[in-house]
Each structure stands twice: as structure tokens, then as C-alpha cells.
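# Topology and contacts: notes
The lines below spell out each chain.
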Amino acid sequence: MAIDVGDEVNHGDDVGLSLFDVDPRRAIRGAVGVAVFLALWWLVALTQPTYVLPTPLIVAETFVVEAASGAMLTALGSSIVHWFPGAVIGTGLGIAAGVALGWNSYLDDVSAPVVRVLRPVPPLALIGFAIAWLGINHTGAAFIIAVGAFWINFYAAYGGVEGVSDDLLDVARSLGVQGDLELIRSVVLPASLPEITTGIRTGIGRCWMLVVASEIFGVPGIGREILRASNNLRVDVVITYILVLSIMFLIVDTGFRAIQRRVLAWR
Amino acid sequence: MALTDSSRRRPRVSIEGVGRQYDSPQGVVQALEGVSFGVEAGEFVCIVGQSGSGKTTLFRIIAGLEDATSGTVYLGGDPVEGPGPNLGLVFQEYHLFPWRTVAGNVGFGLEKQGVDHEEQERRVRELLELVGLDGFADSYPRDLSGGMKQRVALARALAVDPELLLMDEPFGAVDAQTKRMLQNELLDIWSETGKTILFVTHDVEEAVKLADRVVVMATDPGRVREIVEIETERPRSRSDTSFGEYYERIMKLIRA
């Protein structure tokens, strides 16, 4: 189902380079913050053994070693194999369910009790189901990630749809829009796009966190590397893979924010 | 001799015995009672009344947004059963689609009617010219003033060529000067397009300036007090003696 965003074709010119379009004063302050953080870390690390807190230099060396050996890329690739489908499926189903229940009060009433019971269950608590139904593999891990993405997107879309003004719907009807599907496509979805895209963005971040949790039971990936390194008291490796997670999150989040800004150019 | 239908001109809009009750904690509230009048094709009719006279309820019933508890509204002979493209709606708060450009808003109805692309573009250009917004086709609503937004809303409603243009306090949210300007523009557009217009307002001066006939509503329950025909030639000026007389007469009817 295509989302009707009117014609926003000629309004994306300013988006491409926005990644580097940072106020220089803010950039300098940010750099100062990073320097202070690294200095403090270093000072504390000097007083501690490496298995408690390695210095930034040791972490940097480990980072290079892990990257050069190919272990990092293997772990990252493995995580992406369940992160990506989990995030996409959970996001898609969450938005679809949120729009459906936000739009149709009958469906909403029918599902409300079940939704309220399932909603507070942490995705990690479902690991038993993931193992029993899907096994200790990418599919099981993707399931955990999808559950996390689902609820965030469900509530974002639900709230967005509920907030669509009845007057806009009346106007659309008076201009010849007929039927629920057509109303959803031409008014409800574009009107709730700010909430929906915010949900997607929050969900993407949540999914990177769930990558670690979903690999607890043995599925290979970045989370698995972190857990194994923890068991071996290799804090430098732990921090290295935490950095990988952070970098992946930053890349995906920045990319999505650019998309979001473009889609919401009308705001 | 048999009466032939064609010998009588059928009104474009016919409101027949429309009533509306609401249930409230204080009991049943009669918002509208026995409202009946017609609007001829090409006529400009204003509905005036104080708040509580049910004029907005009447607007919503005529628009098909709300059901009457008694009576029926006919549009071109058929009962109104919901909002549709034979009724162009214009609201006080504009209700533009914020995610669409000016051209996208005006073209919305044409798109939904499946009008082909070139024809859409041509119509949108014409309409933007008609409301004086050529040059703003690619702007988004957030960048427009209230007066401009209302022009877009008017163009959007006119785009699907409705049988009736139904307007609810359309100039209630703009400053006095813009309001006068929009009123004059609306009169120009009306004479240019020959549309039938039903215009709800609480502003008696506005009604006297615009309308062929003014439907004066009474309160509690909302009902038609009297229908006043304004015979003053257009353009009308507040300084005309007849303008003042109509104004006083309608004010008296409203307060009665």
C-alpha cells in the first residue's frame, strides 16, 4: 500500500548533506565533551587493572585486531542477519496493527484485553517460546527483536491514527474519498506519518539493544561476542563490540533521520 | 389539467422539517426544530443566528456529517446521506491537508475522482488563478496566512464542481481587513461560477453584504425566525440606507 504524501518531489534538495551540516560551535563543544570523557576514562583506567577497565588505547588496539582478523565483520554480519528481518517484520506488523486498531473501534474493543496482557511482557521473557518454536538460530533471535519493534510501532501508529482530526476525514469524504481503505491511504497514513516515523526510529534503536539480548542463548553475533568476552574477563573486547553496536546504531539512525526529514518536509 | 413538474423550478437545496434532538444529562435538548427552507440554483443564502441557534448543527446536517432526528435535506432532488463530491465544504479552521502542497490540496478531489493528470493540472492552475494564489502552487499550508489558507480551502471545494458550496463561518478566523477582501472575492467567484452558496455566519453585516436571502435563526429551540430577502443592488456598502435598515431589522429579529 503506497502512502500518499502528495507531491514532495522537489523539496528534498537540502537533505543529502544534512549529515555534515552541523553548527561549528556545537561541533567544537561536542569535541570538548568527547575529549573530557576520554581523559577521565584514561585517568581511571590507569589506576585499574586491564581486566577491570582497559585504557582507551588498549581498546583501540583490540578494535583494530578484531577488525583485521575478520571476527568483527563476521559477528556484525551474523547480527544483521537476524536484526534486519526482525526489525522489518516487527515494524511492519506493529504499524499495521496500530493503524487497524486505532482506526476500527470494534477491533480495538475486541483486542484490548489481550493487548493489555501481552503489552508488559518484556521481549526477553519470550526467549522460551523463541527456542521452543523456532530454535536457537537466527529465526529465534529475529523473533525476539521483532517483538520489541512491534510494540513500539504499534503504540506510535495507534496514537497517530487516533489523533487524526475527524474534520480532515470529513473534508476527504466531501471530496469523494470512499471506503475505509481509501481514507486510510489518502488521509490517515499521511496525517499520522510524524508519529509513525518517530515510532520506526525509536524501534530501530530498540532493536539494536535487543540484538544483545536475543543472542544470550547462543545465536552468533555481536551480542554473543560481548557475552563470551565478559565470561573471559576481556573488558577490552566487550567495549570494542559495544562500540560496534553504537556505530551501527548511529549509522542507521542518521540514515533514517534523513529519510524522516524528507518525508516530513511539509512540517 | 395535470401539473407538470417542469413547470415548477425545483430548488437546488430543499430543507424539509429538519429537527435535531440530543440526549444530555439534563434531559432531551432540542437543538433544531422544524427547519424548512429552499435554496434556488445559483442563489446565495446566508444563515445567521446567535450561538445556540443551532446553525452549526444545521450546517452539519445539510453537509451529511450528522443525521437529523426528523425531516430530510434534499440536494437536487435526492436526500443527502453523507458527505460527497456534490457538496463542497469550507470550514472556519480551513482543514487543509498539511502534508500536501497548495496544488496538492486543490487537486485532491480531482485525484479521487480519477480525473486524468493533465486535466488535473489545468483545473488546479485555473482555480489557483481564480482565488489569486498562482505562484503558491508548491507552498505548504504551514507557510500561508489565514486568508490564503481559506482561499486554498475554497479552491479545493470548488475543484470537484459541487452542486452546492456549503460554508461554515469561513471568514471567522481572519482579521477584519482580510475578511472584507475575502468577502469581495467570494462575491466575484460566485458571479463568475454561478455556484449555489449556503453560508453560515453569526455576523449580520456579513450576511447583509453577501446574501440574496438571509435565513434568520431563533434560539431555544433553534428554528427559522424569518427569511429576509435583501434587494439592495451589489456591490453593497454599509453606508447605503437600505443596508442599515436590513441590518437593524435582522438584529431585531435575532434578539426578539
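The rules we used
Residues numbered from 1 in each chain as written. Chains lettered and ligands numbered in written order. Predicted model: local features only at pLDDT ≥ 70, side-chain atom pairs only at ≥ 80, totals over all residues. Heavy atoms only, no water. 1 Å grid on protein atoms, 1.4 Å probe; cavity = no way out; pocket = protein on both sides within 12 Å on 5 of 7 lines; lining within 4 Å. Points joined across faces, edges and corners; volume = space filled by probe spheres on them. Helix = DSSP H or I, 4+ residues; strand = E, 2+ residues; numbered from the N terminus. Nonpolar A, V, L, I, M, F, W, Y, C, P; charged D, E, K, R; others polar. UniProt positions renumbered as here; feature names shortened; annotations may be inferred. Contact = heavy atoms within 4.5 Å. Expected span 1.5 Å × (residues − 1). Buried < 20%, exposed > 50% of the residue type's maximum accessible area, 1.4 Å probe, protein only. Arc of directions from axis to C-beta. Buried area = accessible area lost by both parts, 1.4 Å probe. Salt bridge = Lys/Arg side-chain N within 4 Å of Asp/Glu carboxyl O. Polar contact = N/O pair within 3.5 Å; in protein donor to acceptor, adjacent residues only side chain to side chain. Pairing = 2+ DSSP bridges. Phe/Tyr/Trp six-rings, centres within 6.5 Å; stacked < 30°, edge-to-face > 60°. Lys NZ or Arg CZ within 6 Å of the ring centre and 35° of its normal. Domains from an automatic or database assignment.

## Description of empty space enclosed by the protein
Residues and elements named next belong to chain B. A complete count under the given rule lists 2 cavities of 30 Å³ or more for this structure. Considering only enclosed or pocket space, the largest cavity measures out at about 60 Å³ in volume. Taken together, Val-131, Gln-150, Arg-151, Leu-154, Met-167, Phe-171, Leu-182, Glu-185, Leu-186 and Ile-189 make up the lining of the largest cavity. Tallying contributions element by element places helix H5 (residues 176–193) first for the lining of the largest cavity, with 4 residues. Counted by class, the lining of the largest cavity contains 7 nonpolar, 1 polar and 2 charged residues.

## Considering the UniProt feature "transmembrane region" (unreviewed entry) in chain A
Residue and element names in this part refer to chain A. Per the UniProt record, "transmembrane region" (unreviewed entry) is found at residues 27–45, 57–77, 83–103, 124–152 and 238–259. Taken end to end, residues 83–103 has its terminal C-alpha atoms 29 Å apart, with 100% of it in helix and 0% in strand. What you have in residues 238–259 is 100% helix and 0% strand, and the ends, taken at the C-alpha atoms, are 32 Å apart.

## A short note on the side chain of B:Lys209
Mapped onto the elements, B:Lys209 comes out in helix H6 (residues 204–210). Contacts of B:Lys209, omitting those with residues within four sequence positions, involve B:Arg180, B:Gln183, B:Asn184, B:Leu187, B:Arg234, B:Arg236 and B:Phe243.

## Description of helix H2 (residues 56–69) of chain A
All names here are of chain A. Compared with the 20 Å implied by 1.5 Å per residue over 14 residues, the 20 Å span of H2 between its first and last C-alpha is a close match. Those residues of H2 that fall on the buried side of the exposure criterion are Pro-56, Val-59, Thr-62 and Glu-66. Angular distribution of buried residues about the axis of H2 spans 120°; they occupy a single face of the element. Residues of H2 that are exposed and point more than 90 degrees away from the buried face comprise Val-64, Val-65 and Ala-68. Contacts made by the buried residues of H2 are with helix H1 (24–46), helix H3 (71–103) and helix H11 (235–263).

## Some remarks on the interface of chain A and chain B
Contacts between chain A and chain B engage 25 residues on the former and 25 residues on the latter. Note on chain A versus chain B: buried area summed over both sides is about 2100 Å², and carbon and sulfur give 63% of it. When the buried surface of chain A facing chain B is broken down by residue, A:Ser174, A:Leu175 and A:Trp266 rank first, second and third, together holding 32% of it. Joining chain A to chain B, the criterion identifies 1 salt bridge. B:Lys112 is paired through a salt bridge with A:Glu182; the nearest N and O atoms lie 3.3 Å apart. Connecting chain A to chain B are 5 residue pairs in polar contact (both at pLDDT 80 or more). Residue assignment for the side of chain A that touches chain B shows that the elements contributing at least two residues are helix H7 (166–174) and helix H8 (180–191) of chain A. Element by element, the count of residues in the side of chain A that touches chain B is highest for H7(A), at 7 residues. Along the lines of polarity and charge, the residues of the side of chain A that touches chain B split into 11 nonpolar, 5 polar and 9 charged.

## Quick word on the environment of A:Ile242
All names here are of chain A. Turning to its location among the elements, Ile-242 is positioned in helix H11. We classify Ile-242 as partly exposed; its relative accessible area is 42%. Placed 202 residues apart in sequence, Ile-242 and Leu-40 show a C-alpha to C-alpha distance of 19 Å.

## Considerations on the pattern of salt bridges
A side chain of one charge can pair with a side chain of the opposite charge if their charged atoms are brought near each other. Residues and elements named next belong to chain B. The tally for this structure, following the rule as stated, stands at 22 salt bridges over all chains. Two residues, Arg-123 and Glu-126, come together in a salt bridge whose shortest N-O distance is 3.6 Å. Of this pair, Arg-123 and Glu-126 both sit in helix H3 (residues 117–130), 3 residues apart, roughly one helical turn. It is possible to trace a salt-bridge network through shared partners that takes in Glu-119, Arg-122, Arg-123 and Glu-126.

## A closer look at the pairing of strand E10 (residues 223–229) of chain B
All names here are of chain B. Sheet topology places strand E9 (residues 213–218) next to E10; 6 bridges connect them, and they run antiparallel. When the bridges of E10 are listed, Met-217 appears paired with Val-224. In sequence, E9 turns back onto E10 through a hairpin of 4 residues, with Asp-220 there showing a positive phi of about 55°.

## Overview of the pairing of strand E8 (residues 196–201) of chain B
Residue and element names in this part refer to chain B. Within E8, 6 of the 6 residues are buried, leaving the element largely enclosed by the surrounding structure. Going residue by residue along E8, you find Thr-196, Leu-198 and Val-200 tucked away on one face and Ile-197, Phe-199 and Thr-201 tucked away on the opposite face as well. As judged from the 5 bridges shared by strand E3 (residues 44–48) and E8, these two strands associate in the parallel manner. Pairing of Cys-46 across the sheet is with Phe-199, part of E8.

## Observations regarding the packing of aromatic side chains
Under the criterion given, the structure shown has 18 aromatic pairs over all chains. An aromatic cluster is defined as three or more aromatic residues linked by ring pairs; in this entry it consists of A:Phe150, A:Trp151, A:Phe154, A:Tyr155 and A:Tyr158. Positioned over the ring face of B:Phe108 is B:Lys112, at 5.1 Å from the centre of the ring. Cation over ring: B:Arg156 sits above B:Phe97, and NZ or CZ is 4.9 Å from the ring centre.

## Regarding the UniProt feature "domain: ABC transmembrane type-1" (unreviewed entry) in chain A
UniProt's entry tags residues 76–260 of chain A with the feature "domain: ABC transmembrane type-1" (unreviewed entry), counted in the numbering of this structure. Structurally, residues 76–260 of chain A is divided into 83% helix and 0% strand, and its ends, taken at the C-alpha atoms, are 25 Å apart.

## Thoughts on the domain arrangement of chain B
Residues and elements named next belong to chain B. What the domain assignment lists for chain B is domain 1 (10–86 + 164–255) and domain 2 (97–161). Computed over C-alpha atoms only, the centres of domain 1 and domain 2 are separated by 25 Å. Counting from both sides, the interface comprises 15 residues of domain 1 and, opposite them, 12 residues of domain 2. Summing both partners gives a buried area of about 1100 Å² for domain 1 against domain 2, and 70% of it is carried by carbon and sulfur. If you sort the residues of domain 1 by the area they bury against domain 2, Pro-85, Ile-189 and Lys-195 come out on top, with a joint share of 41%. On the surface where domain 1 and domain 2 come into contact, there are 2 salt bridges. Put simply, Lys-195 and Asp-161 hold a salt bridge, and the shortest N to O gap is 2.5 Å. Contributions of two or more residues to the side of domain 1 that touches domain 2 are made by strand E7 (164–168) and H5. In terms of residue count, the dominant contributor to the side of domain 1 that touches domain 2 is H5 (8 residues). Considered class by class, the residues forming the side of domain 1 that touches domain 2 number 10 nonpolar, 2 polar and 3 charged.

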